[in-house]
Amino acid sequence: MVTTVGDLSKEDLNGFSTAENTKTSIVRILEQIRRFQDRIRKHIEDNYVDFIPNHTASDVYIEEGESLLRETEHLLKNVGSDARLALNSANIELSQCLEELREVTLGLKLSHRILKIDDIFQCLEESNATKEYLRALNLLGKLKCLICSDTSSDVDVLFQKCECYDTIKVRYHIQSNILQQNLQARFESLVQFSEKTFPSAKSVNLQVSKDISQLQDTVLALFEARYNPMKLCDFLLENCLLPIITRPVSVEYCIDKEDYFQINMSYSIKEANKCLRPSYKQVFMHVKSLFECLSNININVSSDKTVFGVIGNHIKERFIKLLIEECLMHSIPETMDEFQESTLLEDLKQFEQMLKDISFLEANTDKDLSNFAEKFNFLFQERFSVKIIESAKSIMQKDLQDMMVVCEGNTSDEVKSNKFLFPQCMISKSTLELTKLMERIMRQTTNSPDINSCYNELNIFLPVISTILNMYCCEVPKIHDKLLESIPQQSVLFYNNCMFLAHWVGKNSDMGIPTHSVLVKTLQATGLRIFKAQEEKQQKIILEIMKNLDVSDTHSIGSTPLKLIRQCLRQMELLKNVWLNVLPESIYNKTFSFILNDFFQDIIRRILCLEDISATVASELSELIGVILTKVPDLFKEKQEAFQVPSWMKIQQLQMILNASLQEITDQWCDGAGILTANYKAEELRHLIRALFQNTDRRAKALSKII
């Protein structure tokens, strides 16, 4: 029978003031403690050393031990305060008894702790058996405090030296692992994730129990037991979210089942076809369905964190990056009509708010989707510009030879008097297509009230026109370089194209096209450069033929010179066929006059170099010039345009001189006032007279008049 403080008589309590009575009380309590410790030692050895079944309930020992602790502490308190001061003459035996009491009390506390631990183990086993996982988790926490104390009290030191200490620790870890496994198994029965992979497809199934109480208790206990959610997070990202974003996914979300919510997804595992990329609306809808299916597990697992918040911490960075790069960036409109019809900004705002409402995203720190929304107008401008430039590049790749007449009926005279008119000529159809593309840009810039005002004021798309035209000047000569060099018609078409584009820029300069004046000059210079290169090439072809022309034989020039002249004329006839109806008439006449002038000059120079021209050679040269004068007018649309060739009159007069008498020549000179003076210098005419006529008094007289 345990004697408690309440069992002590009033005389006993008053007797604490005397050494004898105090000693008697201490001896009595020591005896009770020794007997109690013997029983406890046997209980501990049976359970934690020898592992012999002991069916005595530990709570009996605990109650008895707690009663003894209260009594000893009460005794120590009274002896250690007023009574001890009053018993200064207490004998040494009493002091020894007090010290022994302290030691036994320490042992009693140790015994009490071990009994407590044993009792909790028994309760833990019961909780695991009845699946009271939250209670079991709480018991494990208490065990940990009792077993793994960080303090260095005397009881802790003694406890760690006990034979049963290691066994208790092992048993604690075993129970902890059992609880973890039980919680995991229970969670997996309430929240089921499965996948099946086929040769070309995958099927994913998620089931979430509708038993909210049991499910949420399990989830809470699981997370309190330091559950590692990486497996769950990786499954959701790799098997659900990633395919939803990057490929067509068939999603069936079922809420009609009696016991659980279910979502089934199936999709191809072949390499994703970029053309089949799902729309952002589908992505948002499927992601929302996924989180709705999982909503029953989204409980608070700490004061500031939910389950979705924990999942978000692990995968939100990868998920948002994937969503932006593989979905949202590809959902930016490419045309103004698409931009005006797009609801992406509103939809994205709602989607982001949904993710914040379920705590997947943190309201104050996760700004990636908001930042994307803020850049939306700029991204649209960039996408629109890129699309336009890609379209322009595609147009520039087209064959220049596919041409059409423009500005039909605009004559050279009308163009001269009206700077807004472009002359009738032929341009590549692709050039007209390019101007229509740029006109659409201007219309979209000026007729876009739905774009925010600051963008509209800045005419954000007009710089694209400058980019396109500069690219035209740089890229088209590279794309068609071989044809521009080898085919004369290609060169003049490109020239016309550049002039047409320059005219278009000038006509639309009031629209605010950046650097329009520079663009006009660049286009004109580029077209002229290509045209001049072809013109020089044609001149070289003529000169290459003419270098074999030899009229120096004093007896007869033969048939070769005529053949060479006819070859040159045939070359120019070919050039006429590909240039006449392509170039503006004034440009054609000017260009041919330039080429023919060089041709005439070369012939005139060769004849003027002859020192002796016989009558036969003079006649042959006259015939040669006659062929030229007959054929050249046919190279122009209007024959009289041949008269615009600067050397036309000079070569005509040369033919006359070759057939004229001395008198006729001097009459045409007319003392420096005749028609010959317009094209010939006196020295040139004197040289011809010496070559054509023998040295006589008549020749000398004629030469004296040529001054």
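None of these values were measured; they are calculated from a predicted model.

Undergrad: Before we go on, may I ask you to explain empty space enclosed by the protein in this structure?
TA: In this approach, a probe sized like a water molecule rolls over the atoms, and the result shows the empty space that is left. Scanning all chains against the criterion turns up one cavity of 30 Å³ or more. Here the largest cavity is characterised by a volume of approximately 40 Å³. Lining the largest cavity are Gln539, Ile542, Leu543, Ile595, Asp598 and Phe599. Elements with a contribution of two residues or more to the lining of the largest cavity: helix 22 (516–546) and helix 24 (585–608).

Undergrad: Looking at this model, I keep getting lost on the pattern of salt bridges. Mind explaining?
TA: Oppositely charged side chains may form a pair once their charged atoms are brought near each other. Throughout the structure, instances matching the rule amount to 18 salt bridges. Here Lys202 makes a salt bridge to Glu195, at a shortest N to O gap of 3.1 Å. Given a relative accessible area of 16%, Lys202 falls into the buried group. Of the charged contacts in the structure, one is a salt bridge between Lys387 and Glu334, with a shortest N-O distance of 3.6 Å. Here the residue Lys387 occupies a position in helix 15 (residues 376–396), and Glu334 occupies one in the loop between helix 11 (307–328) and helix 12 (336–341), the gap between them amounting to 53 residues. Each of Lys305, Lys316, Glu362 and Asp366 takes part in a single network of salt bridges with overlapping partners.

Undergrad: Teacher, can you tell me more about the confidence of the model for the protein here?
TA: In this model, the protein carries a mean pLDDT of 83, and residues with pLDDT of at least 70 account for 85%. Confidence, expressed as mean pLDDT per element, reaches its minimum in the protein at helix 18 (residues 453–458) with 42 and its maximum at helix 13 (residues 344–357) with 95. When the criterion is pLDDT under 50, residues 51–55 qualifies, and its contacts beyond four places in sequence or with other chains add up to nine contacts.

Undergrad: I keep staring at the pairing of strand 3 (residues 249–254) and nothing clicks. Help me out?
TA: Side-chain positions along a regular strand alternate between the two faces of the sheet. Relative to strand 4 (residues 260–268), strand 3 runs antiparallel, the two being bridged by six bridges. Note that in strand 4 the partner of Ser250 across the bridge is Ser266. What sits between strand 3 and strand 4 in their antiparallel hairpin is a turn of five residues.

Undergrad: Any chance you could explain the packing of aromatic side chains here in plain terms?
TA: The relation between two aromatic rings is expressed through the spacing of the ring centres and the mutual angle of the planes. The tally for this structure, following the rule as stated, stands at 20 aromatic pairs. Each ring, one from Phe284 and one from Phe351, has its centre 4.1 Å from the other, and the planes form 5 degrees; the classification is stacked. In this pair, Phe284 sits in helix 10 (residues 280–293) while Phe351 sits in helix 13, placing the two residues 67 residues apart along the sequence. Residue classification places Phe284 among the buried positions, given a relative accessible area of 8%. Judged by centre distance (4.2 Å) and plane angle (25 degrees), the rings of Phe339 and Phe380 are stacked. Of this pair, Phe339 sits in helix 12 while Phe380 sits in helix 15; the two residues are 41 residues apart in sequence, bridging distant segments of the chain. Residue class for Phe339 comes out buried when judged on its relative accessible area of 10%. Directly above the ring of Phe261 sits Lys210, whose terminal nitrogen or CZ lies 4.9 Å from the centroid.

Undergrad: Looking at this model, I keep getting lost on the layout of surface pockets. Mind explaining?
TA: Empty space within the largest pocket amounts to approximately 450 Å³. Along its surface, the largest pocket is lined by 20 residues, and Val415, Leu421, Phe422, Pro423 and His503 are the ones closest to its centre. Elements represented by at least two residues in the lining of the largest pocket include exactly helix 16 (412–417), helix 21 (488–507), helix 22 and helix 24. Residue contributions to the lining of the largest pocket peak at seven residues, all from helix 21. By residue class, the composition of the lining of the largest pocket is 11 nonpolar, six polar and three charged.

Undergrad: Even after reading the chapter, I still don't get the sheet that holds strand 3, so can you show me in this structure?
TA: By definition, the strands of a sheet pair up through backbone hydrogen bonds, in either a parallel or an antiparallel sense. Strand order in the open sheet formed by four strands is 1-2-4-3, with antiparallel pairing between adjacent strands. Every other strand in the sheet has two partners, leaving strand 1 (191–197) and strand 3 as the edge strands with one partner each. Adjacent strand axes in the sheet meet at a mean angle of 10 degrees, parallel and antiparallel pairs treated alike. Each of strand 1, strand 2 (201–209), strand 3 and strand 4 touches helix 9 (residues 230–246); the most contacted strand, strand 2, lies at about 125 degrees to it.

Undergrad: Please clarify how the pairing of strand 1 should be interpreted in this entry.
TA: The pairing of strand 1 with strand 2 spans seven bridges and is antiparallel. Note that in strand 2 the partner of Val191 across the bridge is Val208. Connecting strand 1 to the next strand, strand 2, in antiparallel fashion are three residues.

Undergrad: Where do I start with a negative patch on the surface in this structure?
TA: Together, Asp413, Glu414, Glu585 and Glu638 make up a region of like negative charge exposed at the surface. Mapped onto the elements, Asp413 comes out in helix 16.

Undergrad: Sorry, what's going on with helix 15 here?
TA: Residues three or four positions apart in an α-helix share a direction because the helix packs 3.6 residues into each turn. Spanning 21 residues, helix 15 covers 30 Å between terminal C-alpha atoms, matching the ideal 30 Å at 1.5 Å per step. Residues Phe376, Asn377, Leu379, Phe380, Arg383, Phe384, Ser385, Ile388, Ile389, Ala392, Ile395 and Met396 constitute the buried set of helix 15.

Undergrad: I'm lost on the environment of Leu140 in this one. Help?
TA: By the secondary structure assignment, Leu140 is in helix 5 (residues 133–147). Beyond its immediate sequence surroundings of up to four residues, Leu140 is in contact with Leu124, Tyr172, Gln175, Ser176 and Leu179.

Undergrad: Please clarify how the packing of helix 23 (residues 560–579) against helix 24 should be interpreted in this entry.
TA: Axes are the key here: two packed helices are described by the angle between their axes and the distance separating the axes. Two elements in contact, helix 23 and helix 24, have axes whose closest approach is 12 Å; the angle formed by their N-to-C orientations is 175 degrees. Compared by their axis directions, helix 23 and helix 24 come out roughly antiparallel. Of the residues in helix 24, those touching helix 23 at Ile565, Cys568, Leu569, Met572, Leu575, Lys576 and Trp579 are Tyr588, Thr591, Phe592, Ile595, Leu596, Phe599 and Ile603. Considering only residue class, the contact of helix 23 with helix 24 consists of 12 nonpolar, one polar and one charged.

Undergrad: Hey, could you run me through unusual backbone geometry in this one?
TA: Peptide bonds are trans in most cases, and residues, glycine excluded, mostly fall at negative phi. Despite not being glycine, Ser359 shows a phi value in the positive range, around 75 degrees. With respect to the helices and strands, the residue Ser359 is situated in the loop between helix 13 and helix 14 (368–374).

Undergrad: It is not clear to me how the nonpolar core should be interpreted in this structure. Could you clarify?
TA: Generally speaking, nonpolar side chains in soluble globular proteins are found buried as a group. Judged by nonpolar contacts, the single largest core of 118 residues is most densely connected at Phe319, Leu323, Leu328, Leu355, Leu369 and Ile468. Top element by residues in this core is helix 11. It accounts for 12 residues. Among all residues touching Phe319, those that are not within four sequence positions of it are Leu237, Leu241, Ile245, Val287, Phe351, Leu355 and Phe360. By size, the runner-up hydrophobic cluster in this structure holds 73 residues, among which are Tyr495, Met499, Ile565 and Met572.

So, how was this worked out
- Residues numbered from 1 in each chain as written.
- Predicted model: local features only at pLDDT ≥ 70, side-chain atom pairs only at ≥ 80, totals over all residues.
- Heavy atoms only, no water.
- 1 Å grid on protein atoms, 1.4 Å probe; cavity = no way out; pocket = protein on both sides within 12 Å on 5 of 7 lines; lining within 4 Å.
- Points joined across faces, edges and corners; volume = space filled by probe spheres on them.
- Helix = DSSP H or I, 4+ residues; strand = E, 2+ residues; numbered from the N terminus.
- Salt bridge = Lys/Arg side-chain N within 4 Å of Asp/Glu carboxyl O.
- Buried < 20%, exposed > 50% of the residue type's maximum accessible area, 1.4 Å probe, protein only.
- pLDDT = per-residue confidence, 0-100.
- Contact = heavy atoms within 4.5 Å.
- Pairing = 2+ DSSP bridges.
- Phe/Tyr/Trp six-rings, centres within 6.5 Å; stacked < 30°, edge-to-face > 60°.
- Lys NZ or Arg CZ within 6 Å of the ring centre and 35° of its normal.
- Nonpolar A, V, L, I, M, F, W, Y, C, P; charged D, E, K, R; others polar.
- Axes fitted to C-alpha atoms, helices over the stretch in contact; angles between N-to-C directions.
- Patch = residues over 30% accessible without salt bridge, like charges linked within 9 Å, V, L, I, M, F, W, Y side chains within 5 Å.
- Areas by Shrake-Rupley, 256 points an atom, 1.4 Å probe, with all protein chains shown as cover.
- Lys, Arg positive; Asp, Glu negative; His and termini not counted.
- Charge placed at Lys NZ, Arg CZ, Asp CG, Glu CD.
- Expected span 1.5 Å × (residues − 1).
- Parallel < 35°, antiparallel > 145°, perpendicular 65-115°, else oblique.
- Core = buried A, V, L, I, M, F, W, Y, C linked by side-chain atoms within 4.5 Å.

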